[in-house]
Amino acid sequence: MDDKKNYKKTEPQEDPEAVIVDDLNASPAEEAAAEAETAEEAAAEMTEEEKLAAENESLKTSLEKVKKEYMFLMAEFDNFRKRTLREKSELIKNAAESAFKGLLPVVDDFERALKASDGVDDAASIREGMELIYKKLKKYLEQNGVKEMDPEDRDFDADRHEAITAVPVPDENLKGKIIDTVEKGYMINDKVLRHAKVVVGQ
């Protein structure tokens, strides 16, 4: 009987070494889960002030990035604007250079004609030379899109003609019509280069 009373039920003791072995044998997935759980616990422990500070830092970083991108775009646009102005200036300069260069042969012809006309009394030959130069100049202008307005057009158009005077006409059908052209008008690529100066009937 006494032996039964002194008998105590003993609980199985956990082997510390076995625990260490189990930890070493943990899979990567289990380790990742454990780390995630630790991170969640740390986040939960963050105070409201720490959360706001972290958010503020994130916003500062984003703002700095946006400012850098904005400054880069502004510099690119400024370079583009300067390049465009330079190209436009060069285009205008080169266009004028090309136009004047094309006129030089006409000037040469005039100089030769003037030199050849010294001591010449034959007006017909001089006129013939002048006509050749005139035709050459007209051809050059046409090649560059410059054409004179139709001299047979008798309908007054304020967009193309400039009335320098008005004269009375005996026929009612001539009122508002072009009676005479004092100075020819020219078009360049269907745009008025110079208005024709005309006399209009009234």
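Everything numeric here is computed off the predicted structure, so don't read it as measured data.

Once that is clear, we can look at the sheet that holds strand E3 (residues 178-183). The sheet built from three strands is open, its strands ordered E2-E6-E3 with mixed pairing. Every other strand in the sheet has two partners, leaving strand E2 (161-167) and E3 as the edge strands with one partner each. Within this sheet the neighbouring strands show an average axis-to-axis angle of 30°, counted without direction. Across six bridges, the pairing between E2 and strand E6 (residues 196-201) is parallel. Bridge pairing links Ala-166 to Val-200 in E6.

You can see Asp-109 is positioned in helix H4 (residues 48-116). Look at Asp-109 and you get buried, because its relative accessible area is 16%. In contact with Asp-109, other than residues within four places in its own chain, are Ile-133 and Lys-136.

What counts and how
- Residues numbered from 1 in each chain as written.
- Predicted model: local features only at pLDDT ≥ 70, side-chain atom pairs only at ≥ 80, totals over all residues.
- Heavy atoms only, no water.
- Pairing = 2+ DSSP bridges.
- Helix = DSSP H or I, 4+ residues; strand = E, 2+ residues; numbered from the N terminus.
- Axes fitted to C-alpha atoms, helices over the stretch in contact; angles between N-to-C directions.
- Buried < 20%, exposed > 50% of the residue type's maximum accessible area, 1.4 Å probe, protein only.
- Contact = heavy atoms within 4.5 Å.

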